[in-house]
Amino acid sequence: MSLDTTQPSREILDICDQLQANYDPNKTHWTMDELYRKIFDDPRLKETTLSLEHFVKDMDWIIRLGLITFHNDMLHLDEFTRHRLVQYFNEHKDTVED
């Protein structure tokens, strides 16, 4: 897999980590809104840490990089994609500035 060498931000890596952590083998197709709500609309969180606008912008970056596919307004998050996100996160987590 040939990925863009552009250095990701901490926010991008956090989203990659959240995406793979929210993988559900029973649901592999998601809208942006569904994934955003699943990750950030948790009543246990005191405040949302990322706006929907920033999430969509970051997801566009992740899609352009080829880590997740987007077709017909649906994101495809399957086992292969989950492994790709984990690999990307692990390869870059030590090089991102906090």
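Keep in mind the model is a prediction, meaning the values are calculated, not measured.

Peer 1: So what exactly am I meant to see when it comes to the nonpolar core here?
Peer 2: If you look at soluble globular proteins, the nonpolar side chains tend to sit buried side by side. The biggest cluster of nonpolar side chains holds 25 residues, and the ones touching the most others in it are Leu19, Phe55, Met59 and Ile62. At the level of elements, helix H1 (10-21), helix H2 (32-40), helix H3 (52-65) and helix H4 (79-92) are the ones that each hand at least two residues to this core. The contacts of Leu19, once residues within four sequence positions are left out, are Leu35, Ile39, Met59, Ile62, Leu77 and Leu85.

Peer 1: I would appreciate a short explanation of the pattern of salt bridges in the present structure.
Peer 2: A side chain of one charge can pair with a side chain of the opposite charge if their charged atoms are brought near each other. This model, assessed by the stated rule, comprises three salt bridges. We note a salt bridge from Arg10 to Asp14, for which the minimum N-O separation is 3.6 Å. With Arg10 and Asp14 both in helix H1, this residue pair falls four residues apart, about one helical turn. Put simply, Glu79 and Arg82 hold a salt bridge, and the shortest N to O gap is 2.9 Å. In this pair, Glu79 and Arg82 both sit in helix H4, three residues apart, roughly one turn of the helix.

Peer 1: Would you take a moment to explain the confidence of the model for the protein for this structure?
Peer 2: A low pLDDT score tells you not to read the predicted coordinates there in detail. Residues at a pLDDT of 70 or more form 84% of the protein, whose mean pLDDT is 86. Predicted confidence is poor over residues 1-5, with pLDDT under 50, and the contacts of this stretch with residues over four places away or in other chains come to six contacts.

Peer 1: I'm lost on unusual backbone geometry in this one. Help?
Peer 2: Comment: phi is negative for the bulk of residues other than glycine, and the bulk of peptide bonds are trans. Phi is positive for Asn72, close to 55 degrees, though the residue is something other than glycine. Structurally, the position occupied by Asn72 is in the loop between strand E2 (69-71) and strand E3 (74-76). With relative accessibility at 63%, the residue Asn72 sits in the exposed group.

Each value, and the rule that gives it
Residues numbered from 1 in each chain as written. Predicted model: local features only at pLDDT ≥ 70, side-chain atom pairs only at ≥ 80, totals over all residues. Heavy atoms only, no water. Core = buried A, V, L, I, M, F, W, Y, C linked by side-chain atoms within 4.5 Å. Buried < 20%, exposed > 50% of the residue type's maximum accessible area, 1.4 Å probe, protein only. Helix = DSSP H or I, 4+ residues; strand = E, 2+ residues; numbered from the N terminus. Contact = heavy atoms within 4.5 Å. Salt bridge = Lys/Arg side-chain N within 4 Å of Asp/Glu carboxyl O. pLDDT = per-residue confidence, 0-100.

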